[in-house]
Amino acid sequence: MPACGPGFAMQRGRWSAQVSGFYGRSRDYLLFHWRPAIFVENIDARQFGLEAQARAQITPAWSAGASLAWVRGFNLTRHTSLPQRPPLTATLEARYAQGGLSAGVKLLAAMRQKHIDYGTGGVDGFDQGPTPGHATVSLDASWQIQRGLTFSAGIDNLFNRQYSEHLSAGAALAGVAAFIVFSGGPLAWFAWLLTEEALLAGMIDFWQMNSARSWMNSQISIDFPRKSTNINHVLPFYIAAV
């Protein structure tokens, strides 16, 4: 799909902003029909959109940001909307970061999506009907325990809002009923983040222990230098050793 996309970016002191847009047209766009019959159609399509972001560093520790995203698509062959396009979405965020600690709160608001084409879409989803607008609040925090190792946790949908995501991946799979899935209830999560550099260093330190090194020498004869080892080759040996 030939496309063009102008953009603009600026930074002045503690403020930064950027705006970008795109326009594209295709004369051979593949449109998947899932309801009532399954077939693929070649159509003429046009789509365009806009993204904008702004951020302010209020103090050395506190920052705030906002974003806006909008996209629109048209099926020029059937004179309908192009399916599986997200609604107008905006976010507001405040974040605190000091040393190895970071915490933030984010408000996400999505407008009602009424520009749909029921039963059509792409490989992994199709339009199932209009979706109402919604707004959710999420919290997150992270702690960098040491270089390369970070613990993160958060709560999504803090105020228990019931809402539906317009883009439901996997809805077109065989055997999945055609209905809109609503999300409700706060969701708590946590995660450990270990960078590739830290993982590689940890594995090599493990191998340098006498027992591990003896085991490795009895199985293979490969030298693993600390700075030049490819992690994609090392990982299978690490799993086998453990």
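One structure accompanies this document, and this report is about it. This structure is a prediction, so every number in the text was calculated from the model and none was measured. Numbering of residues starts from 1 in every chain and runs along the sequence as written. Only residues with pLDDT of 70 or above have their local features reported here, since the model is predicted, and side-chain atom pairs are shown and tallied only from 80 upward, although totals for entire chains, interfaces and linings are computed over all residues. Derived side-chain values reflect all non-hydrogen atoms in the structure, with water molecules and hydrogen atoms excluded from consideration.

1. Looking at the overall build of the protein
Helices and strands together make up the secondary structure of the protein, namely three helices and 14 strands. The buried label goes to any residue with under 20% of its type's maximum accessible area, the exposed label to any with over 50%, and the partly exposed label to all in between, with areas taken from a 1.4 Å probe on protein chains only. Across the 242 residues of the protein, 29% fall into the buried class. Of all intrachain contacts in the protein linking residues separated by at least 6 positions in sequence, the fraction that spans at least 24 positions is 56%. For the protein, the accessible area works out to roughly 15,500 Å², and carbon and sulfur atoms hold 60% of it. Each helix corresponds to a stretch of at least 4 residues labelled H or I by DSSP, and each strand to a stretch of at least 2 residues labelled E; elements are numbered beginning at the N terminus. Should any heavy atoms of two residues lie within 4.5 Å, those residues are counted as being in contact. In these tables, accessible area is a Shrake-Rupley quantity obtained with a 1.4 Å probe, and a residue counts as shielded only by the protein chains included in the view.

2. Examining the pattern of salt bridges
When a carboxyl oxygen of Asp or Glu lies within 4 Å of a side-chain nitrogen of Lys or Arg, that pair is called a salt bridge. Summed over all chains, the structure comprises four salt bridges. The closest approach of N and O atoms between Glu41 and Arg78, which form a salt bridge, is 2.9 Å. Of this pair, Glu41 sits in strand E4 (residues 39-57) while Arg78 sits in the loop between strand E5 (62-75) and strand E6 (80-81), placing them 37 residues apart in sequence. With a relative accessible area of 15%, Glu41 lands in the buried category. The partly exposed category is assigned to Arg78, whose relative accessible area is 42%. Across the pair Glu93 and Arg95 runs a salt bridge, and its minimum N-O distance is 3.3 Å.

3. As for the pairing of strand E3 (residues 15-33)
At least two DSSP bridges between two strands are needed for those strands to be called paired. In terms of strand pairing, strand E2 (residues 7-12) meets E3 through six bridges, oriented antiparallel. Residue pairing in the sheet places Gly7 in a bridge with Ser20 of E3. Linkage of E2 to E3, two consecutive antiparallel strands, is achieved through a turn of two residues, within which Gly13 is found at a positive phi near 65°. Here E3 runs beside E4; their pairing, made up of 17 bridges, is antiparallel. Bridge pairing in E4 links Leu30 to Asn42. Remark: five residues form the turn of the hairpin made by E3 and E4, two consecutive strands paired antiparallel. Relative to strand E9 (residues 120-121), E3 runs antiparallel, the two being bridged by two bridges. If you follow Phe32 over to E9, its bridge partner there is Gly121.

4. Details of the environment of Ala64
The residue Ala64 is located in strand E5 in this model. Discounting residues that sit within four places of it in the chain, Ala64 has contacts with Ala54, Arg55, Ala56, Ile58, Glu93 and Ala94.

5. Observations regarding the nonpolar core
Taken as a class, soluble globular proteins show a tendency for nonpolar side chains to be buried jointly. Put simply, a nonpolar core is a bunch of buried Ala, Val, Leu, Ile, Met, Phe, Trp, Tyr and Cys residues held in one set by side-chain atoms that sit within 4.5 Å of each other. With five residues, the main nonpolar core is built from Tyr29, Leu31, Ile43, Ala45 and Leu82. Of all the secondary structure elements, the ones that give two or more residues to this core are E3 and E4.

6. Section: the packing of aromatic side chains
Two rings from Phe, Tyr or Trp (for Trp, the six-membered ring) form a pair when their centres are within 6.5 Å of each other. A pair whose planes differ by under 30 degrees is stacked, one over 60 is edge-to-face, and the rest are tilted. Counted by the stated rule, this structure contains seven aromatic pairs. With a centroid separation of 5.7 Å and an interplanar angle of 55°, the aromatic rings of Phe48 and Trp70 are classed as tilted. Placement of the pair is Phe48 in strand E4 and Trp70 in strand E5, with a sequence separation of 22 residues. A relative accessible area of 23% places Phe48 in the partly exposed class. Look at Trp70 and you get partly exposed, because its relative accessible area is 37%. Put simply, the rings of Tyr23, Phe48, Trp70 and Phe74 pair up and form one aromatic cluster.

Interpretation in functional terms is not warranted from these geometric data alone.
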